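Structure assessment
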There are 2 protein chains.
Amino acid sequence: MPLPQTEIPGRLQSHLAERGIRMTEQRRAILRVMETATKHLDAAQLLRKAQKLDASVDRSTVYRTLRLLKRHGLIDELDLMHINGEGHYYERKLNRDHIHMACLRCGKIMEFVSDIFEKLKGQVEKDCRFRIVVSRLEIGGYCAACRGAE
Amino acid sequence: MPLPQTEIPGRLQSHLAERGIRMTEQRRAILRVMETATKHLDAAQLLRKAQKLDASVDRSTVYRTLRLLKRHGLIDELDLMHINGEGHYYERKLNRDHIHMACLRCGKIMEFVSDIFEKLKGQVEKDCRFRIVVSRLEIGGYCAACRGAE
DNA sequence: TGCTAGTTGCAACCGAGTCGCATCAGGCAC
DNA sequence: GTGCCTGATGCGACTCGGTTGCAACTAGCA
């Protein structure tokens, strides 16, 4: 279950440009970090990495940019079963929703794409007459490696 | 999709008693509120309601009791898509997991039980060799009543 | 080149949740 | 019923993720 399959770099930027949203040096740095991330980042990690690209980036700009991206449905917000504190993690929204599994012992995060998940969402939309905008399935438990040990 | 089907009152209490956990006046008040709740409560609401039964209940006792119940797997922690702020909501864990749907327009929370959800969890356990302890599926979108209006 | 609306940094703030500590009380032994 | 000990409580101070008001700045269009 690899993390985000590599996407065209600058994809988030062009999404925002299409929507007529002003591009700034700071946003560029933050988006670049999101686009090249190989694991789920929280706001603090995102800030640190963005500051390496543009030292002027401020904490509040990171939060404001995350809110912007959320509003435009370009990122998903996760809490990964609160395996480390109360904060949130972010990832680019990709074409297909996936399940996040967090190992309660080693802390590893795994992802899983499933047709059954798609079917389940279809059932909710149909049976409940509910139009789904975002969905989040997070599972906590023990990964294959930790099952024996635990 | 009604909320928790009424359970034997005092069920949480007896669960804790079985595990040899000391019962106090304050815990009794908090458990009673949880058991009779007809909607999802956050810590602040839980505190207010518990204080009506026992005015001495303190904020930190509520949080400590919630942590206790979580540790014993007697309650689930939800964030209901952060429809109102960053806090968490709690509900008694029942026999079957259910999906939470939050309407982004009217704020209504709906619940849904599905065999497909059970099948999906089975698939995760089998295909990923992952032992599930807790799972949480939350969906944000528009309910039947708001779909037209939105 | 100038203008303006949108964006930023900063510092103060907010609210959920935690913690250390002195005090209190549940519930077991007798 | 009484005493005791350990675990639970209230309180206040604290942490930390996230937000906000405001003055200064700047993207990008005319």
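Now for a description of the structure that goes with this document. (Residues numbered from 1 in each chain as written. Chains lettered and ligands numbered in written order. Predicted model: local features only at pLDDT ≥ 70, side-chain atom pairs only at ≥ 80, totals over all residues.)

**Some thoughts on the overall build of chain A**
- On a plain count of helices and strands, chain A comes out with 6 helices and 6 strands.
- Along its sequence from the N terminus, chain A presents helices and strands in the succession α-α-β-α-α-β-β-β-β-α-β-α.
- By principal-axis analysis of the C-alpha atoms, chain A measures approximately 45 × 40 × 25 Å.
- Per-residue burial over chain A gives 24% buried out of 150 residues.
- Put simply, of all contacts in chain A between residues at least 6 apart along the chain, 51% involve residues at least 24 apart. (Helix = DSSP H or I, 4+ residues; strand = E, 2+ residues; numbered from the N terminus. Buried ≥ 20, exposed ≤ 12 C-beta atoms within 10 Å, placed from the backbone. Contact = placed C-beta atoms within 7 Å.)

**Brief notes about the protein's contact with DNA strand C**
- If you check the shell around DNA strand C, you find 26 residues, and the closest are D58 and T61 of chain A together with M23, A43 and S60 of chain B.
- Mapped onto the surface near DNA strand C, the elements with two or more residues apiece are α2 (25–36) and α4 (59–71) of chain A together with α3 (43–53) and α4 (59–71) of chain B.
- If you tally residues by element for the surface near DNA strand C, the top one is α4 of chain B, at 4 residues.
- Grouping the constituent residues of the surface near DNA strand C by class yields 6 nonpolar, 10 polar and 10 charged. (Near = placed C-beta within 6 Å. Nonpolar A, V, L, I, M, F, W, Y, C, P; charged D, E, K, R; others polar.)

**A closer look at the relation of the copies chain A and chain B**
- Taken as rigid bodies, chain A and chain B are interconverted by a rotation of 180° and an axial shift of 0.0 Å, the fit giving an RMSD of 0.1 Å. Both chain copies can therefore be described as sitting about a two-fold axis. For chain A, the smallest separation between a C-alpha atom and the rotation axis is recorded for L137 of chain A, amounting to 2.2 Å.
- Counting the interface residues of chain A, we find that 100% of their copies in chain B are interface residues as well, pointing to one common contact surface. (Least-squares fit on C-alpha atoms with pLDDT ≥ 70 in both.)

**Regarding the protein's contact with DNA strand D**
- As a structural note, the neighbourhood of DNA strand D is formed by 28 residues, with A43 and S60 of chain A together with S56, D58 and T61 of chain B the closest of them.
- When residues of the surface near DNA strand D are traced back to their parent elements, those giving at least two are α3 (43–53) and α4 of chain A together with α2 (25–36) and α4 of chain B.
- Its residues assigned to classes, the surface near DNA strand D comprises 6 nonpolar, 11 polar and 11 charged.

**Comments concerning the interface of chain A and chain B**
- If you look at the interface, chain A gives 31 residues, while chain B gives 31 residues.
- Elements supplying a minimum of two residues to the side of chain A that touches chain B: β4 (99–103), β5 (109–112), α5 (115–127), β6 (131–142) and α6 (144–149) of chain A.
- Of the residues forming the side of chain A that touches chain B, the biggest block, 12 residues, is contributed by β6 of chain A.
- Across 11 bridges, the pairing between β6 of chain A and strand β6 (residues 131–142) of chain B is antiparallel. Paired with V134 of chain A across the two strands is G140 of chain B, which belongs to β6 of chain B. (Pairing = 2+ DSSP bridges.)

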